[in-house]
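Chain residues, written in single-letter form:
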Amino acid sequence: MSVSGMKKQLHKASQLLNERLMGAEGTKLDEDFLKMEKTIAVINLLLAELLSRTTEFLQPNPAYRAKLSMLSTVSRIRGQVRTVGYPQTEGLLGDCMLFYGQELGAASEFGAALVAVGGALQQVGQAKDALDVGIKQTFIDPLQALRHAELREIKYQLKKVNGRRLDFDYKKRRRGKVAAEEIRLAWDKFITSKDSAERSMFILLQRDVDRIAQLAALVAALLDFHRNAQHILLGLQGDLQARLTAASNKPAQRFRSQKIRVRSDHSGTIGFYHQLSAAAPLCSGGNLTVVPSGPGSPVSSCADSQPVVDQPCCRALYSFMPNREGELDFSRGDIILLTGQVDSNWYQGSLGGRSGLLPVNYVDVLVPLPSP
């Protein structure tokens, strides 16, 4: 800085201190100018807060924002134009569902539903990406241009106005010691700066229609996103409802234990048995027989297994005590031979040489009765 420049800065500082501390009166700017200056200051603060909040709304994870900012900076340094998209939460959830749905396979109805939901959420994530791009182009970029170009220029002009006012007031206060021509020149510079700043503020404040258009663009982008998301999710809801209806209407499958091939210790022949507990009854050839399971037996015990049978039979789910004559009493877990069905509520069966009626909802049919 030149000597004259340093002297000018000292004169301005002297005038400012005299105004603040000694009560010296400075040149008063008109009310319209001060009002516009105050409005411009409010707009400057507003844009800084608004842009920050909009970015947080679109990209709520600060860690991801910092990472993407770093990657973008590195790409620019390397001369690359590749940009990294923000990982939308809907897309991340969709990727997870797709992966595990494919792991379960197409045979799994739940897996197929996971794939459908994952694909829909990925579409919502893509719509969110489009929302990010739309809001950046129509809302964020114009406001950032306003803040970093026009408002920065106005701020610089206002700073110049204040500096030239202080310079003029300092020289005016020292009238007699400062040449009249120098005072007049300081006044001309002050007025020129004031007119330039006032014109710039006036032009900016008259363009409210641009700001409203940018707000309308923000709302339009949000509306498009929610409309697309609703369309995607409504289609998904219909698909899931159809899957739910189809799954509910499928006939229930009964559990069937697999046969285990074992060699009998006594006969040396090959037979097919289930793993049963000791002295578990088997229906074989129309009669109940007992397959022993001792310490040396190759047949190990296994709870809740079902025996292999050659004729209709069922397993008791609950114990039943007869209320009238002709009904068969049994305990939970008993294997009962079925000899017929009286109606939709009662079977005819036999257990341990006893015969009688047994309720349908008390038993689980292992081998169904032959169709009539």
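Up top is the structure.
None of the values given here were measured: they were computed from a predicted structure.

Rules used throughout
- Residues numbered from 1 in each chain as written.
- Predicted model: local features only at pLDDT ≥ 70, side-chain atom pairs only at ≥ 80, totals over all residues.
- Heavy atoms only, no water.
- Pairing = 2+ DSSP bridges.
- Helix = DSSP H or I, 4+ residues; strand = E, 2+ residues; numbered from the N terminus.
- Axes fitted to C-alpha atoms, helices over the stretch in contact; angles between N-to-C directions.
- Salt bridge = Lys/Arg side-chain N within 4 Å of Asp/Glu carboxyl O.
- Buried < 20%, exposed > 50% of the residue type's maximum accessible area, 1.4 Å probe, protein only.
- Expected span 1.5 Å × (residues − 1).
- Polar contact = N/O pair within 3.5 Å; in protein donor to acceptor, adjacent residues only side chain to side chain.
- Patch = residues over 30% accessible without salt bridge, like charges linked within 9 Å, V, L, I, M, F, W, Y side chains within 5 Å.
- Areas by Shrake-Rupley, 256 points an atom, 1.4 Å probe, with all protein chains shown as cover.
- Contact = heavy atoms within 4.5 Å.

Draft legend 1. Highlighting the pairing of strand β7 (residues 346-351). Note: strand β6 (residues 335-341) against β7, four bridges, orientation antiparallel. Looking at the pairing, L338 lines up with G349 of β7. If you look at the hairpin formed by β6 and β7, you'll find four residues sitting between the two strands. Bridge count between β7 and strand β8 (residues 354-359): six bridges; the pairing is antiparallel. In the strand pairing of β8, S350 is matched with S355. Between the antiparallel neighbours β7 and β8 lie two residues, among them G352 with a positive phi of about 60°.

Draft legend 2. Representation of the sheet that holds β8. In spatial order, the strands read β8-β7-β6-β5-β9; together these five strands make up an open sheet with antiparallel pairing. Since the sheet does not close on itself, it has two edges, and those belong to β8 and β9 (363-367), each with one partner. Put simply, the sheet's adjacent strands are angled 40° from each other on average, direction ignored. As judged from the four bridges shared by strand β5 (residues 313-316) and β9, these two strands associate in the antiparallel manner.

Draft legend 3. Up close: the pattern of salt bridges. Following the criterion strictly, the structure yields 17 salt bridges and no others. Across the salt bridge formed by E182 and K171, the nearest N and O atoms sit 3.2 Å from each other. Of this pair, E182 sits in helix α6 (residues 180-205) while K171 sits in helix α5 (residues 109-173), placing them eleven residues apart in sequence. Across the pair E198 and K194 runs a salt bridge whose closest N-O atoms are separated by 3.1 Å. Residue E198 and its partner K194 are both found in helix α6; the two are separated by four residues, about one turn of the helix. Looking at E198, the relative accessible area reads 19%, which means it is buried. Linked by salt bridges that have partners in common, E19, R165, D169 and K172 make up one network.

Draft legend 4. Spotlight on α5. For α5, which comprises 65 residues, the first-to-last C-alpha distance of 90 Å matches the rise-based estimate of 96 Å (1.5 Å per residue) to within 8%. N-capping of α5 is provided by S108, with a side-chain oxygen placed 3.4 Å from the backbone N of F110.

Draft legend 5. View of the pairing of β6. With five of seven residues buried, β6 lies mostly within the body of the structure. Note that β5 and β6 share three bridges and pair antiparallel. Pairing of R315 across the sheet is with I335, part of β6.

Draft legend 6. Looking closely at a nonpolar patch on the surface. Residues L17, L21 and M22 make up a contiguous nonpolar surface patch of roughly 380 Å² in combined accessible area. Secondary-structure assignment places L17 in helix α1 (residues 3-21).

Draft legend 7. Broad picture of helix α4 (residues 89-104). For α4, with 16 residues, the first-to-last C-alpha span of 23 Å sits near the 22 Å given by 1.5 Å per residue. Buried residues belonging to α4 abut α5. At the C-terminal side of α4, G105 shows a positive phi close to 90°.

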